[in-house]
Amino acid sequence: QVQLVESGGGLVQVGGSLRLSCAVSGSIFSINVMGWYRQAPGKQRELVAAITSGSITNYADSVKGRFAISRDNAKNTVYLQMNSLKPEDTAVYYCNYQGRNGPVNGYWGQGTQVTVSS
């Protein structure tokens, strides 16, 4: 089993910044993928950014140049630095972990609310 604990969400003004953190514990495989997803009211959950254990990253077009995903393997933590925030970024953000022999869709955190006020 893998457990994920998210933190860093909150209320921020347009143009501001937030940093989300996700601490992972449990049976962690050395080769894995971690990512951040978000879901706004009435919308489908979408990938925001992902990073492999080899530090290969992938971003949604809507956040390229504004968000940065990183990981600290020694601390088993993944971060999402969010800059130049827009009202459209308002959503519940979920942390995800995918490792070999785990669930097809990986493990999920409970989510953290990010609200960007205009």
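About the thresholds
Residues numbered from 1 in each chain as written. Predicted model: local features only at pLDDT ≥ 70, side-chain atom pairs only at ≥ 80, totals over all residues. Heavy atoms only, no water. Helix = DSSP H or I, 4+ residues; strand = E, 2+ residues; numbered from the N terminus. Rg over C-alpha atoms; globule rule 2.2 N^0.38 Å. Buried < 20%, exposed > 50% of the residue type's maximum accessible area, 1.4 Å probe, protein only. Contact = heavy atoms within 4.5 Å. Areas by Shrake-Rupley, 256 points an atom, 1.4 Å probe, with all protein chains shown as cover. Lys, Arg positive; Asp, Glu negative; His and termini not counted. Charge placed at Lys NZ, Arg CZ, Asp CG, Glu CD. Pairing = 2+ DSSP bridges. Axes fitted to C-alpha atoms, helices over the stretch in contact; angles between N-to-C directions. Polar contact = N/O pair within 3.5 Å; in protein donor to acceptor, adjacent residues only side chain to side chain.

(A) Geometry of the overall build of the protein. Along the backbone of the protein there are zero helices and eleven strands. Secondary structure elements of the protein, listed N to C terminal, follow the sequence β-β-β-β-β-β-β-β-β-β-β. A compact globule built from 118 residues should have a C-alpha radius of gyration of about 13 Å, and the protein, at 14 Å, falls within 12% of that. Seen through its C-alpha atoms, the protein measures out along the principal axes to roughly 45 × 25 × 25 Å. Residues classed as buried in the protein amount to 38% of the 118 residues present. Look at the contacts in the protein between residues 6 or more apart in sequence, and 52% of them connect residues 24 or more apart. Put simply, the protein shows about 6,500 Å² of open surface, and 48% of that area lies on carbon and sulfur atoms. The positive charge centre, built from 10 side chains, and the negative charge centre, built from 6, are 4 Å apart in the protein.

(B) Geometry of the sheet that holds strand S8 (residues 77–82). Strand order in the open sheet formed by four strands is S1-S3-S8-S7, and the pairing between neighbours is antiparallel. Looking at the sheet topology across the chains shown, the edges are occupied by strand S1 (2–7) and strand S7 (67–72). Ignoring strand direction, the axes of neighbouring strands in this sheet form an average angle of 15°. In this sheet, S8 lies alongside S7 in antiparallel orientation, the contact comprising six bridges. Among the inter-strand pairings, Arg 71 is bridged to a residue of S8, identified as Val 78.

(C) The side chain of Thr 77, seen in detail. Relative to the assigned elements, Thr 77 resides in strand S8. Within polar-contact distance, the side chain of Thr 77 engages the backbone oxygen of Lys 75 at 3.0 Å. Every residue in contact with Thr 77, bar those within four places of it in the chain, is listed here: Ser 21, Cys 22, Ala 23, Ser 70, Arg 71 and Asp 72.

(D) Region of interest: unusual backbone geometry. For Ser 55, which is not glycine, the phi torsion reads 70° and is therefore positive. The topology assignment puts Ser 55 in the loop between strand S5 (46–52) and strand S6 (57–59). By relative accessible area, Ser 55 is classed as exposed at 51%.

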